[in-house]
Amino acid sequence: MKKFTRYCGVALCLGAALLLGSTCFAQATPFLAAGSSAAFNAMAIGGAIGATPAICTNTPNNTTLSLATNVFIWSQTGKSGHQFFQGVDNRNANFDAQNAKGWIEWSGSADGTTLTNVCVYLAVDSIVGQRLFFATNSGGSQAGTINFPGGCSTGFPINGDNQVPLFPPDTPLPAAVCTALNGLPFNAAPTDIRAEDALFGTQRACAAYNASGTGFGYTCTGATPTEILSGVGGSTGKVQTVNYAISGQDPITTTQIAHSKLGIDGTPWVSLNGGGQAILVLVNTSDTSTSGFGSTTFNNINRTDLARVFTGGATRTRDVIGGSGLISKPLTALVREPLSGTFNTFEFQVTRTLEWNHTQEDLTTTSGGLIANGIGIAAPTGWTNQNGGTSGNPLDWKKTSSGGLKVRVIGTGEMVSTIDTNGLHDISGNNALTNQIGYAFFSFGNVKGAVGAAKYLLVDGVDPLFDGGSGPSQNPSGAGSGALPLCSAPCGTAVTLTNIANGSYPIWNFLRVITTGHLGGYIASNGVVTGCVAGATVCEMVQAAQASFAVIPDLVPIAKMDAFRSHSVFAAGGSPAVSFPPHNGYKHYTAGVANTPCGFAPVTGASVQYECGSDVGGGRFLIQQEQDYNTDAAAELTAFKQ
């Protein structure tokens, strides 16, 4: 085992390896990710025990990971005083640094004097993670980098916050690891939505305000982009709206994006499917009266009722609990920021479907009309703004007839903590947040703090975590109880996710990992990655993370998914203007697909199973039906919407 100089001795060589895939040290290229919190634990565990030899750590010297003495991990909560590394978009000095929960794993020695492998995960919003991946400097290099704002010379080693289960206690982070990582670009973006859907979410947030919800009016270019603010009292939560591109030129620097055939990579970026994941609808359970969300009779919500809650039409608990003789109690609808992958999945599978076609930013007026929140919103009749101004930022509106609230939360952590905490108020301090209802992608880590204080609801009568009516494995607290599960890892049978695998639960998506063509080089069969080309570190990590689902089943391994969502064309615009054609990823193309902006032939001469286009609001089909249609009609089930 060599000393740290095996990394080439200087950051320049390592930085070049990240983009170009060259090999100049033991690990061809490290895994450096910024993205969805849903994969936070899975990637960490996969990096240690998902492959042999281990990808990120020394191979554990004990059959139980927690008892290994040679596995080194360090983590941060991302909270004030616990923000030691961050993501930075270097295209403009005024762009906010991204502080979040994160982990770092390494192999070699605990003090970093020998260092052979290193991996990083920063759990920012999906769209923010993609911006850090795609943003390109004026010179053509990647702009999104890892930053230790205090530098690497003082304060080391830094004690960790033990944020990842199953591991031994955190090893203090040594200065050598900081030095190896500081300034390196992120090369992977785990995401709840495809790159096409993430860019659409950004473009929509940045478009001129329109009351119908086609644009929200935030400023996304220049020196002072808008900060979308939390509406929860005492919160400092915020996320900045900044534009980027996934094809053509970067809109800030007017330079060809790095991760493209014409950019520094020389190949298009790729998207790897990681697993099926569920959005849970969560409610606070402190009000156990028959008219409160803690009532044992309230365990299901239909999507039409759910859509009216989040478009401001249903603002009382009795509007969704059902039954007679219930008293009028205001509910609090908690809404994520438009740059969230969770927001966009919920948006296009609940509120902006063909059935409903509105936005969760909407407020329903006294005349029954709907007006979208945003920069430029006119005062909607029947609502009063509680944020002390006239703008819709932060979103904090009160229904005058019911007292119901609609309040912004920033990030999965704030969504869950606002649901499970009693005694909170909105930004004005005048309105208590009661009978809170919101949503979050399921992972044991995401919902851990809400166990005992909140429950999940069935949606359209379907259980997202257990078999429900389709099988024998039910929630241990009772079928339909909504009790959130805990995981004492390993906990491979703690949930079944049956109705995510078969697609019958209506709010689900695939977790993807966006990366470079070199690092994502894969071999696929029937839509499932079966191997990785040499040096494709990110592909290897996706494979390893799927192996970890047997230890902590946060997601459904992609090989066990029976359903998919139909893909549709996405017009990305940009310079030059590019459209992403719809391909579901199961039809074979012997010679690839000509003139396409995403994907590439993973193995020369091999049949290509090619995926492209938007799918966050796609209609659900069984994979077998798609494969039969590929055979029968030589076509794909594209352009179907939910």
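From a predicted model like this one, the values you see are computed outputs, not experimental measurements.

K.L.:
Honestly, the overall build of the protein chain in this entry has me stumped. Any pointers?
P.N.:
The helix and strand tally for the protein chain stands at 13 helices and 29 strands. Taken over C-alpha atoms, the radius of gyration comes to 23 Å for the protein chain, in line with the 26 Å a tight globule of 642 residues would show. On the principal axes, the C-alpha backbone points of the protein chain span a range of 75 × 55 × 55 Å. Split into buried and exposed, the 642 residues of the protein chain put 61% on the buried side. Restricting to contacts in the protein chain with at least 6 residues of sequence separation, those with at least 24 account for 70%. Taken as a whole, the protein chain presents about 21,500 Å² of accessible surface, with 52% of it coming from carbon and sulfur.

K.L.:
Please clarify how the packing of helix H2 (residues 40–49) against helix H12 (residues 537–548) should be interpreted in this entry.
P.N.:
Helix-helix packing is characterised by the crossing angle of the two axes and by the distance between the axes. Put simply, H2 and H12 touch, their axes get as near as 7 Å, and they point 100° apart. When the interaxial angle is binned, H2 and H12 end up roughly perpendicular. Facing H2, whose interface residues are Ala 42, Met 43, Ile 45, Gly 46 and Gly 47, H12 presents Met 541, Val 542, Ala 544, Ala 545 and Ser 548. In terms of residue class, the contact of H2 with H12 is built from seven nonpolar, three polar and no charged.

K.L.:
Is there a simple way to think about the pairing of strand S2 (residues 72–76) in this case?
P.N.:
Burial runs high along S2: five of the five residues are buried. Along S2, one buried face is formed by Phe 72, Trp 74 and Gln 76 and the opposite face, lined by Ile 73 and Ser 75, is buried too. By the bridge criterion, five bridges tie S2 to strand S4 (residues 102–108) in an arrangement that is antiparallel. Bridged to Trp 74 within S4 is Ile 104.

K.L.:
Sorry if this is basic, but what is going on with H12 here?
P.N.:
Because the α-helix completes a turn every 3.6 residues, residues three or four places apart line up on one side. Its twelve residues place the ends of H12 17 Å apart at the C-alpha level, agreeing with the 16 Å of an ideal helix rising 1.5 Å per residue. Inspection of H12 places Thr 537, Val 538, Cys 539, Met 541, Val 542, Ala 544, Ala 545, Gln 546 and Ser 548 among the buried residues, and these make up the whole buried set.

K.L.:
Please clarify how the nonpolar core should be interpreted in this entry.
P.N.:
Where a protein is soluble and globular, its nonpolar side chains tend to be buried together. If you look at the biggest cluster of nonpolar residues, it comprises 109 residues, and the most contacted ones within it are Met 43 and Ile 437. The element that contributes the greatest number of residues to this core is strand S10 (residues 270–284), accounting for seven residues. Beyond its immediate stretch of four places on either side in the chain, Met 43 contacts Phe 31, Trp 103, Tyr 121, Val 513, Met 541, Val 542 and Ala 545. Counting 58 residues, the second largest nonpolar core, distinct from the first, contains Val 124, Ala 198, Leu 199 and Phe 348.

K.L.:
How should the pattern of salt bridges be read in this particular structure?
P.N.:
Any two side chains of opposite charge can pair, on the condition that their charged atoms come close. What the rule picks out here adds up to 14 salt bridges. With a closest N to O distance of 2.7 Å, Arg 91 and Asp 89 form a salt bridge. A salt bridge links Arg 512 to Asp 615; the nearest nitrogen and oxygen atoms lie 2.9 Å apart. Remark: Asp 615 occurs in the loop between strand S28 (608–612) and strand S29 (620–622) and Arg 512 occurs in strand S20 (residues 508–515); sequence separation between them is 103 residues. Like Arg 512, the residue Asp 615 is buried in the burial classification. Counted as one network, the salt bridges with shared partners bring together Arg 194, Glu 196, Arg 512, Glu 611 and Asp 615.

Reading the values: rules and limits
- Residues numbered from 1 in each chain as written.
- Predicted model: local features only at pLDDT ≥ 70, side-chain atom pairs only at ≥ 80, totals over all residues.
- Heavy atoms only, no water.
- Helix = DSSP H or I, 4+ residues; strand = E, 2+ residues; numbered from the N terminus.
- Rg over C-alpha atoms; globule rule 2.2 N^0.38 Å.
- Buried < 20%, exposed > 50% of the residue type's maximum accessible area, 1.4 Å probe, protein only.
- Contact = heavy atoms within 4.5 Å.
- Areas by Shrake-Rupley, 256 points an atom, 1.4 Å probe, with all protein chains shown as cover.
- Axes fitted to C-alpha atoms, helices over the stretch in contact; angles between N-to-C directions.
- Parallel < 35°, antiparallel > 145°, perpendicular 65-115°, else oblique.
- Nonpolar A, V, L, I, M, F, W, Y, C, P; charged D, E, K, R; others polar.
- Pairing = 2+ DSSP bridges.
- Expected span 1.5 Å × (residues − 1).
- Core = buried A, V, L, I, M, F, W, Y, C linked by side-chain atoms within 4.5 Å.
- Salt bridge = Lys/Arg side-chain N within 4 Å of Asp/Glu carboxyl O.

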